[in-house]
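Results of the structural survey
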Amino acid sequence: MTPMAGGNADSKENVSNEGAWPLTGLRVLDLSEQIAGPYATKLLVDAGADVTKLETPAGDPLRHWTASDTELAPGQDGALFQFLNASKKSAVVDVSNADDRRLLLDLARDADLLVHDWTHAGAAARGLDFDSLHTVNPRLCVTSVTAWGATGPWAERPSTEFTLQAATGSVGYRGLRDRRPVAAGGRIGEWLAGIYAGVGSVSAWLAARAGGAGQHVDVSMFESILLSMTVYHDLNGQWVGGDLARSVEIPSIEPARDGWVGFCTITGQQWKDFCALIGQPEVAEDDSYLDGRRRMNHLPFMRQIIQGWTRERSVDEIVELASLLRIPVAPVGNGRTLPDVDHLVARGVYTKAAGGFLQPRVPYRLHARAADPQPTRPFGPAPALDADGATVRASAAEHDAESAVGAPAPELPLAGLRIVDLTAFWAGPFATCYLADLGADVVKIESIQRPDGMRFAGAVPKEKLWEWSPVFAGANPGKRDVTLQLDSERGMQLLKQLIAEADVVLENYSVRVLENFGLGWDDVRALSDRVIMVRMPAFGLDGPWRDRTGFAMTIEQASGLAWITGYEDLPLVVRGACDPAGGMQAVFALLMALEDRRRTGRGQLVEVPLIENALNIAAEQVIEHSAYGTLLTRQENRGPGAAPQGVYRCAPDGEDDEQYVAIAIANDAQWQCLRDALGDPAWAGDDDLSHAQGRRARHDEIDARLDAWLADRSRRDAADLLVAAGVPAAEVINAHRVMPNPQLEARGFYQTLIHPETGSTRYPGFPMRFSAFGPNLHRSPPPTLGQHNDEVLGDELGLSEDERAALREAKVVGDRPSFL
């Protein structure tokens, strides 16, 4: 076990401190605005950090925001701002003023972490680049959260979250083929970047505290969206080539008699069970329908047989019947219905904010005992602008004049941590991949009877197809792989031996699976009182939905994320974002449990329900409805933050007429830039188009004008012209063709490794760059099935060659699926 990440049982630091939150004592300065940076610091303050929000004299623009365009009373802050900034302090610091800039540098001397949303050039122009901050406090960690990343040829490129989605390929493959492609709603990319920034900030701070110097954590929203919302399509593009066709899942969100119901059939067995559910078992036997992507070629027939069944039944009836067959299913939630869902009520997910609206709780729970979750830090009120200004300025004057001496670059913060990885599919493996990148020794446990199911989902049909799944490949670099038949006595003995010597066990089965194996929390704790067990069930360890299965799409359907995405007459799933986001929330929660163990010496049960992470990302829907009585809904590609906003058809490229450019005008200055790019036509000069309300009222007309202007221009030429004029615009890229990309290449987002089966392969990294850790954090390619059996079972557990041979003969271990 590692003393750095896990604590030393004999250390003087290791004294019981029951009243402390995990991040008590962490001092954070937050100069960021809007959603991404403030959500990162919300994660920190909710875990006990002291966060001071440093604002311009005008304040964070989110103070004046409501997605429903509700008029706020003078001095009233918007409800979303209050949610994101609860429990923080506020002080006005105008960094364009020399005295305030010196004040900020004085505050930085005593801080552990500073968060901002400036590019490198923007920070340098303010005299607050990382080198300047590091000079006054060598142990200070600085996290920047920007659109493209702080550096690179596109760092200053105009953009919005909407155009960033288009640039990743996420937009281009979502939607019906006879309509325009559709972006995900709800500013989801900003929330995703915030989660990565929160985890990256804690990771850097842990390294600095362990003896290293502070460092810059450079978070790119573009890379956050690319990693979380394209399902590793670049890997598929490398192996298969061609374009990725636009599609919707079949089945997915379907009309019931009294609303919408969501299905998810990831595995072949789930598809067969679904066909039996709707009375069409013969369809399951037709191989032409087995591949979900090929079902799009039969969309009218699929809709006929599916909706013919669903329209005759209520949502509750469908959910009950599908759940009996273990088919992932959920009612499609929204801002009005979610607070009354029986499962969420039973678990106490929503609480009343100081501002009177409903808000979701922290999306994880730490349990010292299985039935006894520790209380989290209560949400305090959000501060009024400069509410703590006098106190903050006084504290700057009292700081210790001596700065810490810089130390050599730290080792990876989780070096020496041993993790037994029982996860499968995407969310859990994504979490353990990050942990491996940060230095942990991750031993992934599979079996030849039941390998990780993601090895087969979307796999390229090669001889060893289980080694050719893009999602498995993308989510598993850096790990070792051992196969153990867990329903055999010897296999379970060996797993328990691994657990007894581990720091962490991480799993994401449905709740009853490990309990049926005799590996519940009490069983695991009996093997080691210092082990931390992270459980990632879809819906939580208790409540009416406890035993339901769920994948990312199920969570999107249930949480409201799908409600806000799609066409006006058809909600669509986001596709996958809940898995990476849930994985990173699990990492954050684990880091909190490690902090608790450092103080107390005890292990923890950590519960990270995927639904509660998604409810935080979708929080604005419940917040708006409970605060202002407005039900937010989808508007295809339009949204409350920009007008005009949409994807517009450009001139065909040869035989390909699927050429679009995304445009989003988020303020009046950008509207003037668009006018300039268009040649300032007379229609664009109308006074009522000079403000957002007028543009929104005439959105249809503007859309038609833009379509006409773009009709004879190529996608690339149009995007280049618009961007050069200062307009947030991007080509709607096909997800298989995101590379080559100059920004990704300059930042080293991808890392090429040699895999035993796939050869030289380009794997994505994570969307944060750590200045002290260097690039290329993947230490090895994703493991082949059972690749490290001899290394782990022989070299580390001491089994002889004869013993390992007997295990192979009995199929307790192996390196090939037993059913192939």
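Definitions and limits used
- Residues numbered from 1 in each chain as written.
- Predicted model: local features only at pLDDT ≥ 70, side-chain atom pairs only at ≥ 80, totals over all residues.
- Heavy atoms only, no water.
- Helix = DSSP H or I, 4+ residues; strand = E, 2+ residues; numbered from the N terminus.
- Rg over C-alpha atoms; globule rule 2.2 N^0.38 Å.
- Buried < 20%, exposed > 50% of the residue type's maximum accessible area, 1.4 Å probe, protein only.
- Contact = heavy atoms within 4.5 Å.
- Areas by Shrake-Rupley, 256 points an atom, 1.4 Å probe, with all protein chains shown as cover.
- Patch = residues over 30% accessible without salt bridge, like charges linked within 9 Å, V, L, I, M, F, W, Y side chains within 5 Å.
- Salt bridge = Lys/Arg side-chain N within 4 Å of Asp/Glu carboxyl O.
- Lys, Arg positive; Asp, Glu negative; His and termini not counted.
- Charge placed at Lys NZ, Arg CZ, Asp CG, Glu CD.
- Pairing = 2+ DSSP bridges.
- 1 Å grid on protein atoms, 1.4 Å probe; cavity = no way out; pocket = protein on both sides within 12 Å on 5 of 7 lines; lining within 4 Å.
- Points joined across faces, edges and corners; volume = space filled by probe spheres on them.
- Nonpolar A, V, L, I, M, F, W, Y, C, P; charged D, E, K, R; others polar.
- Axes fitted to C-alpha atoms, helices over the stretch in contact; angles between N-to-C directions.
- Parallel < 35°, antiparallel > 145°, perpendicular 65-115°, else oblique.
- Phe/Tyr/Trp six-rings, centres within 6.5 Å; stacked < 30°, edge-to-face > 60°.
- Lys NZ or Arg CZ within 6 Å of the ring centre and 35° of its normal.
- Core = buried A, V, L, I, M, F, W, Y, C linked by side-chain atoms within 4.5 Å.

**Details of the overall build of the chain**
Each helix and strand in the chain was counted, giving 32 helices and 27 strands. In terms of overall size, the chain behaves like a compact globule, its C-alpha atoms giving a radius of gyration of 26 Å where 820 residues would be expected to give roughly 28 Å. With the C-alpha coordinates of the chain rotated into their principal frame, the extents come out at 85 × 70 × 50 Å. The buried share of the chain, taken over its 820 residues, is 62%. Put simply, of all contacts in the chain between residues at least 6 apart along the chain, 77% involve residues at least 24 apart. If you sum the accessible surface of the chain, you get close to 29,200 Å²; carbon and sulfur atoms cover 49% of it.

**Observations regarding a negative patch on the surface**
On the surface, a cluster of negative charge is made up of Asp258, Asp316, Glu317, Glu320 and Asp342. The element contributing the most residues to the negative patch is helix 14 (residues 315–324), with three residues. Relative to the elements of secondary structure, Glu320 occurs in helix 14.

**A short note on the side chain of Glu190**
For Glu190, the position within the fold is in helix 8 (residues 188–209). Relative accessible area serves as the criterion here: at 10%, Glu190 is assigned to the buried category. Ignoring any residue separated from it by four or fewer positions in sequence, one finds Glu190 in contact with Gln34, Ile35, Ala36, Glu161 and Met221.

**Focus: the pairing of strand 8 (residues 259–263)**
The pairing of strand 7 (residues 253–256) with strand 8 spans four bridges and is classified as antiparallel. Of the residues in strand 8, the one forming a bridge with Ile253 is Gly262. A loop of two residues connects strand 7 with strand 8, the two strands running antiparallel in sequence. Both strand 8 and strand 9 (residues 329–331) contribute to a ladder of three bridges, which runs antiparallel. Of the residues in strand 9, the one forming a bridge with Gly262 is Ala330.

**Let's talk about empty space enclosed by the protein**
For the structure on display, the rule yields five cavities of 30 Å³ or more. The space that makes up the largest cavity amounts to roughly 90 Å³. Around the largest cavity sit 13 residues that line it, and Leu226, Thr230, Tyr232, Asp234 and Tyr750 are the ones nearest its centre. When residues of the lining of the largest cavity are traced back to their parent elements, those giving at least two are helix 9 (221–229) and helix 10 (233–239). Sort the elements by how many residues they give to the lining of the largest cavity and helix 10 lands first, with three residues. Here the residues of the lining of the largest cavity are counted per class, giving nine nonpolar, three polar and one charged.

**Some points on the packing of helix 8 against helix 24 (residues 610–617)**
Closest axis-to-axis distance for the helix 8/helix 24 pair is 10 Å, and the angle between their directions is 120°. With respect to helix 24, the axis of helix 8 lies oblique. Mapping the contact onto sequence places Ile188, Trp191 and Ile195 in helix 8 and Asn613, Asn616 and Ile617 in helix 24. For the contact of helix 8 with helix 24, the per-class residue count stands at four nonpolar, two polar and no charged.

**Considering the packing of aromatic side chains**
Here the distance between the centres and the angle between the planes together describe a pair of aromatic rings. All told, the structure shown has 18 aromatic pairs when counted by the stated rule. Where Trp148 meets Trp154, the ring centres are 5.0 Å apart and the plane angle is 80°; that geometry is what we call edge-to-face. As far as the burial class goes, Trp148 and Trp154 line up, both buried. An angle of 65° between the planes, with centres 5.2 Å apart, marks the rings of Phe430 and Phe766 as edge-to-face. Of the two residues, Phe430 is situated in helix 17 (residues 427–437) and Phe766 in the loop between strand 26 (759–764) and strand 27 (768–770); the sequence distance between them amounts to 336 residues. A single burial state applies to Phe430 and to Phe766, both of which are buried. Chaining the aromatic ring pairs together yields one cluster made of Tyr196, Phe430, Tyr434 and Phe766. When the ring centre of Tyr750 is taken as origin, the NZ or CZ atom of Arg762, which lies over that ring, is 5.5 Å away.

**Focus: the nonpolar core**
Among the nonpolar cores identified, the biggest contains 161 residues, and Leu23, Val534 and Phe588 are the most heavily contacted of them. By residue number, the principal contributor to this core is helix 8, which donates 14 residues. Filtering out sequence-adjacent residues up to four positions away, Val534 remains in contact with Val504, Val505, Leu506, Glu507, Ala586, Leu590, Val606 and Val608.

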